[in-house]
Amino acid sequence: MYDRDWAPEDLPGFAREAEALGVDDLWVVEDLGWNGGVSAAAVALGATERVRVGIGIAPAPLRSPALLAMELATLARVFPGRLVAGIGHGVREWMESVGVAPRSPLALLEETITSVRALLRGERVELDGREVRLDGVALVHPPAQVPPVVAGVVRPRSLELAGRVADGVLIAEGHGPGDLENTRALTAKGGAGPEHTLTVLSFTCVGDDTDEVARTLHPHTEGHGAWLGRPQDEVFTVSGAPAQAADDVRALHASGADTVVLRVVGPEPLGQLAALLASLGR
């Protein structure tokens, strides 16, 4: 992940260096007041040649489904096969602060994902929903290779929805192997098949000094534990010496993660990433 707190102008260089290290994906962030997700994805795609770039995540209330589909289609046509589009509810307080909080977050997310996917497939969309209205909208330039649209959600009803309407699900930082097994069960309950992907974000800090690693992670796991409603020591991280961090990645994969997105904290994030990839044999 290119962290939201890092300066946008440093993204191209970071993206090139991460690609050279051998990562498969680079994920960018869209949070209110930070960077725009689509523009950041365009910068990262333009700076690289091979990596897939994920948007994690575009808040559905902030964007018209038609406009979002237009922007995603542009990226997917210029960089075929290299885009993943994440869409989520958005933080309720942030959505209220800009006057776009929906009456029904679940309906808005379902209608947004359904219509965006249909538009990207080149369909003409007629939708008079609870939150979204599209009157015969179609893309003039739909992508030849349709990018996957994944739902960035956490709660059970939203995970079931993701299993029903999205190509995959994106799980926030702090969720460990046990959580992923439950996530798979909930998306399957919603109708997800074996092709439904599971991407998990994880706070990451790699170093041989365990006390320093713990100190570096502390403010992140403390705040995220409060948000998740769980004790701080139950917030899962990919951390420790390179071999231990590599085992953490393998544990997530064994529990169903198709993609692990590392949100590296602390100094020299690319150095930490290189050490972890070496331990993974990459």
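Above: the structure in question.
First things first, this report covers the structure right here in the doc. (Residues numbered from 1 in each chain as written. Predicted model: local features only at pLDDT ≥ 70, side-chain atom pairs only at ≥ 80, totals over all residues. Heavy atoms only, no water.)

### Regarding the packing of helix α6 (residues 156-165) against helix α7 (residues 177-189)
(1) Moving on: In contact at an axis separation of 6 Å, α6 and α7 are set at 60° when each is read in the N-to-C sense. On the basis of their axis angle, the class for α6 and α7 is oblique. As α6 packs across α7, the resulting crossing turns out to be right-handed. Residues P156, L159, E160 and G163 of α6 pack against T183, L186, T187 and K189 of α7.
(2) Moving on: Residue composition of the contact of α6 with α7, by class: three nonpolar, three polar and two charged. (Axes fitted to C-alpha atoms, helices over the stretch in contact; angles between N-to-C directions. Helix = DSSP H or I, 4+ residues; strand = E, 2+ residues; numbered from the N terminus. Parallel < 35°, antiparallel > 145°, perpendicular 65-115°, else oblique. Left-handed = near helix turned anticlockwise from the far one by under 90°. Contact = heavy atoms within 4.5 Å. Nonpolar A, V, L, I, M, F, W, Y, C, P; charged D, E, K, R; others polar.)

### Brief notes about the side chain of S202
(1) Moving on: As for its position among the elements, S202 is in strand β8 (residues 197-206).
(2) Moving on: Of the residues examined, S202 reaches a relative accessible area of 1% and is grouped as buried.
(3) Moving on: A polar contact of 3.3 Å, which involves the side chain of S202, links it to the backbone nitrogen of V238.
(4) Moving on: Residue contacts for S202: discarding those within four places in its chain leaves E173, F236, T237, V238, V261, L262 and R263. (Buried < 20%, exposed > 50% of the residue type's maximum accessible area, 1.4 Å probe, protein only. Polar contact = N/O pair within 3.5 Å; in protein donor to acceptor, adjacent residues only side chain to side chain.)

### Observations concerning the packing of aromatic side chains
Working definition: an aromatic ring pair is given by the centre-to-centre distance plus the angle between the planes.
(1) Moving on: The final tally for this structure, using the stated rule, is four aromatic pairs.
(2) Moving on: Centroid distance Y2 to F14: 5.2 Å. Interplanar angle 70°. Geometry classified as edge-to-face. Pair noted here: Y2 is in the segment before α1 (11-21) and F14 is in helix α1, with a separation of 12 residues, a long-range link. Neither residue differs from the other here; Y2 and F14 are each classed as buried.
(3) Moving on: Here a set of aromatic residues connected by ring pairs shows up, and it is made of Y2, W6 and F14. (Phe/Tyr/Trp six-rings, centres within 6.5 Å; stacked < 30°, edge-to-face > 60°.)

### Some remarks on the nonpolar core
(1) Moving on: By size, the foremost hydrophobic cluster in this structure holds 68 residues, and its most contacted members are L72, I87, I113, V116, V238 and L276.
(2) Moving on: In contact with L72, other than residues within four places in its own chain, are I55, L83, A85, V116 and L120.
(3) Moving on: The next biggest cluster of nonpolar side chains, apart from the first, holds nine residues, and it includes W27, I57, V150 and L201. (Core = buried A, V, L, I, M, F, W, Y, C linked by side-chain atoms within 4.5 Å.)

### Some points on the pairing of strand β2 (residues 52-59)
(1) Moving on: A large share of β2 lies buried, amounting to seven of its eight residues.
(2) Moving on: Examined bridge by bridge, strand β1 (residues 25-28) and β2 share four bridges and lie parallel to one another. Looking across to β2, one finds that D25 is bridged to R52.
(3) Moving on: Taken together, β1, helix α2 (residues 37-47) and β2 form a β-α-β motif whose crossover is right-handed.
(4) Moving on: Taken together, the five bridges between β2 and strand β3 (residues 83-88) define a ladder with parallel strand orientation. Paired with G54 across the bridge in β3 is V84.
(5) Moving on: As for the winding sense of the linkage, the β-α-β connection from β2 through helix α3 (residues 65-78) to β3 is right-handed. (Pairing = 2+ DSSP bridges. Right-handed = clockwise from strand over helix to strand, strands pointing away.)

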